[in-house]
Amino acid sequence: MERIHRIGVVGCGMMGAGVAETCARAGLDVRVAVSRPDSLRAGRSRLAGSLDRAVARGRLAAADRDTALARVTFTADLADLADRQLVIEAVTEQESVKLDVFATLDKVVEDPEAILGSNTSSLPIVQLGGVTSRPERVVGIHFFNPAPVLPLVEVVGSVRTDPETVETVDAFVTDVLGKSVVRAKDRAGFVVNALLIPYLLAAVRMMESGMASMDDIDKAMTLGCAHPMGPLRLIDLIGLDTVAAISESLYREFREPHYSPPPLLARMVSGGLLGKKSGRGFYEYA
């Protein structure tokens, strides 16, 4: 396969915009597909805002911001990803939505050697590949939020993924994007979330039971364990709906009680309290 330089990103929420920015700053030609035309402006704004913050914090020169922005184009039609060599899906963590995206990408991406990647946090890669005619070219490429800042990417091959695909993605993420890779098996939660989610859910249960207050739980873990933020604030950053979806996926696979979502988390998601992205979760955001 020729050197990967044409990237497609499906979705321009927090993760999709972060993946697009990461690729653009690495000098790649990036095309972002959103679900509907009225999302185009929001996607551009989210990407530009992140780049502006990087300039304000001294992490990026203003000229490099402008160059990165110029490398990204937007579309509301998945068919416009036809010429991409690597497409990374970063839509909402819902199985039906992701399956629809992969089935469509399989039809529209023309190069049979093109790689279809998913930024899923927990869904089986083999299942996503199963709705395509090229499961050997489907792989998990799991970035962490915020993608332009955090250095880790989990690369996940399924039982049907060609080992060469995994090697190609590993090399691309390491050598082109400058990230660090951990290889994970195709099991729910992969490495990071299989360890992280039970910890986050335990914090919700502790608060829900009245064992400790929200502020004391977060203070205990930041000051007592040197974590950069407490578990409840971290849930707000990830998104309560995303944490709940990962939890449900883990519980379906392993049937371990510590993976099941606590009632409080489910009620907050039902009430639209999704964390930072909605303006309110465990904390309120301006």
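Read on for a plain summary of the structure. For clarity, every value in this text was computed on a predicted model and none was experimentally measured. (Residues numbered from 1 in each chain as written. Predicted model: local features only at pLDDT ≥ 70, side-chain atom pairs only at ≥ 80, totals over all residues. Heavy atoms only, no water.)

Concerning the packing of aromatic side chains
Describing an aromatic ring pair means giving the distance of the ring centres and the angle of the ring planes.
Inference 1: Taken as a whole and assessed by the stated rule, the structure comprises one aromatic pair.
Inference 2: Where Phe 254 meets Tyr 259, the ring centres are 5.6 Å apart and the plane angle is 35 degrees; that geometry is what we call tilted.
Inference 3: By relative accessible area, which is 27% here, Phe 254 ends up partly exposed.
Inference 4: Tyr 259 sits in the buried class, given a relative accessible area of 10%.
Inference 5: When the ring centre of Tyr 283 is taken as origin, the NZ or CZ atom of Arg 233, which lies over that ring, is 3.7 Å away. (Phe/Tyr/Trp six-rings, centres within 6.5 Å; stacked < 30°, edge-to-face > 60°. Buried < 20%, exposed > 50% of the residue type's maximum accessible area, 1.4 Å probe, protein only. Lys NZ or Arg CZ within 6 Å of the ring centre and 35° of its normal.)

Concerning the layout of surface pockets
Inference 1: In this structure, the second largest pocket encloses a volume near 640 Å³.
Inference 2: Of all the elements in the fold, those that place two or more residues in the lining of the second largest pocket are helix H1 (14-25) and helix H2 (39-56).
Inference 3: At five residues, the largest contribution of residues to the lining of the second largest pocket is made by H1.
Inference 4: For the lining of the second largest pocket, the per-class residue count stands at eight nonpolar, three polar and eight charged. (1 Å grid on protein atoms, 1.4 Å probe; cavity = no way out; pocket = protein on both sides within 12 Å on 5 of 7 lines; lining within 4 Å. Points joined across faces, edges and corners; volume = space filled by probe spheres on them. Helix = DSSP H or I, 4+ residues; strand = E, 2+ residues; numbered from the N terminus. Nonpolar A, V, L, I, M, F, W, Y, C, P; charged D, E, K, R; others polar.)

A word on the nonpolar core
Inference 1: In terms of nonpolar packing, the biggest core is built from 36 residues, with Ile 7, Val 30, Val 32, Leu 86, Ile 141, Phe 143 and Phe 172 touching the most fellow members.
Inference 2: In terms of residue count, the dominant contributor to this core is H1 (six residues).
Inference 3: Residues in contact with Ile 7, not counting those within four places in the same chain, are Cys 23, Leu 28, Asp 29, Val 30, Arg 31, Arg 84, Leu 86 and Phe 172.
Inference 4: One finds Leu 200, Ile 235, Leu 265 and Phe 282 within the second-largest nonpolar core, a separate group that totals 23 residues. (Core = buried A, V, L, I, M, F, W, Y, C linked by side-chain atoms within 4.5 Å. Contact = heavy atoms within 4.5 Å.)

A short note on the packing of helix H7 (residues 192-209) against helix H10 (residues 240-254)
Inference 1: One can describe the packing of H7 onto H10 by two numbers: an axis separation of 10 Å at closest approach and a directional angle of 115 degrees. Compared by their axis directions, H7 and H10 come out roughly perpendicular. Our pair here, H7 against H10, has a crossing hand that is left-handed. In contact with Asn 193, Ala 194, Ile 197, Leu 200 and Leu 201 of H7, H10 contributes Val 243, Ile 246, Ser 247 and Leu 250.
Inference 2: Class assignment for the residues of the contact of H7 with H10 results in seven nonpolar, two polar and no charged. (Axes fitted to C-alpha atoms, helices over the stretch in contact; angles between N-to-C directions. Parallel < 35°, antiparallel > 145°, perpendicular 65-115°, else oblique. Left-handed = near helix turned anticlockwise from the far one by under 90°.)

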